[in-house]
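Geometric and topological summary
Spelled out, the chains give:
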Amino acid sequence: MSQSKMKFSLPSKLKSSKVAANAVAESKSAGEDDNDDNASVGSSLSSRSDDNNNPAEFDNGVVVKAIDETVLLEQAEESLRSALKLIGEAQDAEGSWVDARDLLDRTAAALDDAGLALRGRKSTERSSNSQNSGSQKSGSQKSGSLRGSTSSKTSSIRSSKGKSKNKRPNPLTQDDVVQQLADEVVDKRRSLLGNVLVHDADGIWTKTQYGEGDGISFGAVGDDFLIGIPEEEKEEKALVVWASQTGTAKKFAKHLYKRLGGANRCVIKSLRDVSVRGVAKHKRVYFVCSTFGMGRPPSVGELFYSLLQLEAMRCKENFEDLSEFGSDESKPLQGTSVAIAALGSSQFKHFAKFGHGLEVELKALGATMAQDVTTLDAAKGKSEQKQAFRVWEETVVTMEKERLMGWVTPRQAKRSSLVSAKALLAAKSLAS
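Residues numbered from 1 in each chain as written. Predicted model: local features only at pLDDT ≥ 70, side-chain atom pairs only at ≥ 80, totals over all residues. Heavy atoms only, no water.

Considerations on the overall build of the protein
- The secondary structure content of the protein amounts to 12 helices and 10 strands.
- Considering the protein as a whole, with its 432 residues, one finds that 42% of them fall into the buried category.
- At a minimum sequence separation of 6, the contacts of the protein that also span at least 24 residues come to 81%. (Helix = DSSP H or I, 4+ residues; strand = E, 2+ residues; numbered from the N terminus. Buried < 20%, exposed > 50% of the residue type's maximum accessible area, 1.4 Å probe, protein only. Contact = heavy atoms within 4.5 Å.)

Written as structure tokens, this is what we have:
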């Protein structure tokens, strides 16, 4: 699925969002376990429209059925199997990248189908049981002997059941199949997103399973990552991030790290070890990344990219709400400037696609670009690609010198204070 063809906001079926504080309060009132590191609390992505009886639609065309709509178990099973197929495609390293927002939209819609189908079946069963109860009551009033006869027959049946040791287990009903498939969708989606629980508290499926709630959230406990980090609290040291499948991007990133002064001036990490919050802690971040297969990030960057896409979606939804209240809150990456060197080969259709996609999501979260994305084309030869990187590297080094002019590392500051203290003692000694 091509990210460029999709515009998402989880769920554009939901017209008005809640702010983060409401989601936290609601999730706690719903009984979320604050001690579960994988529990879902934090920002509300959005909430269902006031008119719950109308069907609505995601930005990508996924239709979400109305809350009073009838869904057959067969339909729900088909939706869930389609959702599992999509999750399988997302896990396929040789396939196209599946946008995390699209994955979330389609799995949420399938789970809602399951919720409607199971709720409809339970409603039918309650109605049937109520009618049967009325018939039995009427029959007992007509004849006491009939009641005695029924009791005797029931005892006989129970007795025969007790004697049957090799009774076969009952086959799964279609209700059971739908329930199991829905649980599988939830588990596999959670696993795909690094054990992050995506919780649609306002969805029909969730209400069917857990009762009433409101809001949509994702993330670990305390992950209320809506508000940006003040610029004065951000680290001056640059963050160098690499994402490599064959090792070239990693080698380039390490060379840049050394050119920038090593540990005194910057920090280097694999994209596997970086979170969106971690990016926000730095004033300047340099990404050196390759594109793998059909436009995918390298395997070390898949989880980060998925969560980045979901964070961009949450940011969009929440800031639309905050703007209605005249809030001046900053976006999560506001005050962070980034530059991206995107490796790839122009021989392939998806040349440097991950690098360009990374730019889109980072900007959506408030980051600014220190320069346009620089592509490093392997199709021109390894030496040419290396030379192109060195040109980009020189630009980065120059930018860092200008940015850090007058800034000293903590070690340099300590050394400077010691020198000043020694000079002061020497001056006092001469004066005496």
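What follows picks up the thread again.
Observations regarding the side chain of Arg284
- Residue position: Arg284 is located in strand E7 (residues 284–290).
- For Arg284, a relative accessible area of 11% corresponds to the buried category.
- Within polar-contact distance, the side chain of Arg284 engages the side chain of Tyr286 at 2.9 Å.
- A polar contact of 3.5 Å, which involves the side chain of Arg284, links it to the side chain of Ser337.
- Filtering out sequence-adjacent residues up to four positions away, Arg284 remains in contact with Lys237, Ala238, Leu239, Ser337, Ala370, Met399, Glu400 and Arg403. (Polar contact = N/O pair within 3.5 Å; in protein donor to acceptor, adjacent residues only side chain to side chain.)

Thoughts on the packing of aromatic side chains
- For the coordinates displayed, the defined rule picks out 5 aromatic pairs.
- On the numbers, 5.4 Å between centres and 40° between planes, the contact of Trp97 with Tyr305 is tilted. Linking Trp97 in the loop between helix H2 (73–91) and helix H3 (100–142) with Tyr305 in helix H9 (residues 302–324), this pair joins segments that are 208 residues apart in sequence.
- Clustering of aromatic rings is evident, with ring pairs tying together Phe252, Tyr286, Phe389 and Trp392. (Phe/Tyr/Trp six-rings, centres within 6.5 Å; stacked < 30°, edge-to-face > 60°.)

Describing the confidence of the model for the protein
- Of the residues in the protein, 59% reach a pLDDT of 70 or more, and the chain-wide mean stands at 74.
- For residues 1–51, every residue scores under 50 in pLDDT, and the model assigns this stretch 145 contacts once sequence neighbours within four places are set aside.
- Low pLDDT, under 50, characterises residues 213–225; the stretch is placed with 71 contacts to residues that sit more than four places away or in other chains. (pLDDT = per-residue confidence, 0-100.)

Some remarks on the pairing of strand E6 (residues 266–270)
- Pairing geometry for strand E5 (residues 238–243) and E6, over 5 bridges, is parallel. Residue pairing across strands places Val241 opposite Lys269, the latter belonging to E6.
- On the question of chirality, the crossover connecting E5 to the parallel E6 by way of helix H7 (residues 248–259) is right-handed. (Pairing = 2+ DSSP bridges. Right-handed = clockwise from strand over helix to strand, strands pointing away.)

Describing the nonpolar core
- Residues Phe287, Leu358 and Leu362 are the most contacted members of the largest nonpolar core, which totals 31 residues.
- Elements with a contribution of two residues or more to this core: E5, helix H8 (276–280), E7, H9, strand E8 (337–344) and helix H10 (353–364).
- Top element by residues in this core is H9. It accounts for 6 residues.
- The residues contacting Leu362, other than those within four sequence positions of it, are Phe287, Leu308, Leu333, Val338, Ile340 and Ala367.
- Of all hydrophobic cores here, the second largest spans 21 residues; its members include Ile87, Ala110, Ala117 and Ala182. (Core = buried A, V, L, I, M, F, W, Y, C linked by side-chain atoms within 4.5 Å.)

Let's talk about the packing of H7 against helix H11 (residues 382–403)
- Axis separation between H7 and H11 bottoms out at 11 Å; the angle between their running directions is 35°. Both H7 and H11 take part in a crossing whose hand is right-handed. For the pair H7 and H11, contact is made by Thr248, Phe252, His255, Leu256 and Arg259 and by Gln385, Lys386, Phe389, Arg390, Trp392, Glu393, Glu394, Val396 and Val397, respectively.
- In terms of residue class, the contact of H7 with H11 is built from 6 nonpolar, 3 polar and 5 charged. (Axes fitted to C-alpha atoms, helices over the stretch in contact; angles between N-to-C directions. Left-handed = near helix turned anticlockwise from the far one by under 90°. Nonpolar A, V, L, I, M, F, W, Y, C, P; charged D, E, K, R; others polar.)

Examining the pattern of salt bridges
- In the structure shown here, the tally under the stated rule is 14 salt bridges.
- We note a salt bridge from Arg259 to Glu393, for which the minimum N-O separation is 3.7 Å. Of this pair, Arg259 sits in helix H7 while Glu393 sits in helix H11, and the two are 134 residues apart along the sequence.
- Taking relative accessible area as the criterion, Arg259 reaches 35% and is therefore assigned partly exposed.
- Arg284 is the partner of Glu400 in a salt bridge, and the nearest nitrogen-oxygen pair spans 3.8 Å. On the criterion of sequence distance, the pair formed by Glu400 in helix H11 and Arg284 in strand E7 is long-range, its members being 116 residues apart.
- On the accessibility criterion, Glu400 (6% relative accessible area) is buried.
- In the salt-bridge network here, residues are joined through shared partners; they are Glu236, Lys283, Arg284, Glu400 and Arg403. (Salt bridge = Lys/Arg side-chain N within 4 Å of Asp/Glu carboxyl O.)

Observations concerning the environment of Phe252
- If you trace the backbone, Phe252 turns up in helix H7.
- Overall, Phe252 belongs to the buried group, its relative accessible area being 6%.
- Along the primary structure Phe252 and Lys386 are separated by 134 residues, whereas in three dimensions their C-alpha atoms are 8.2 Å apart.

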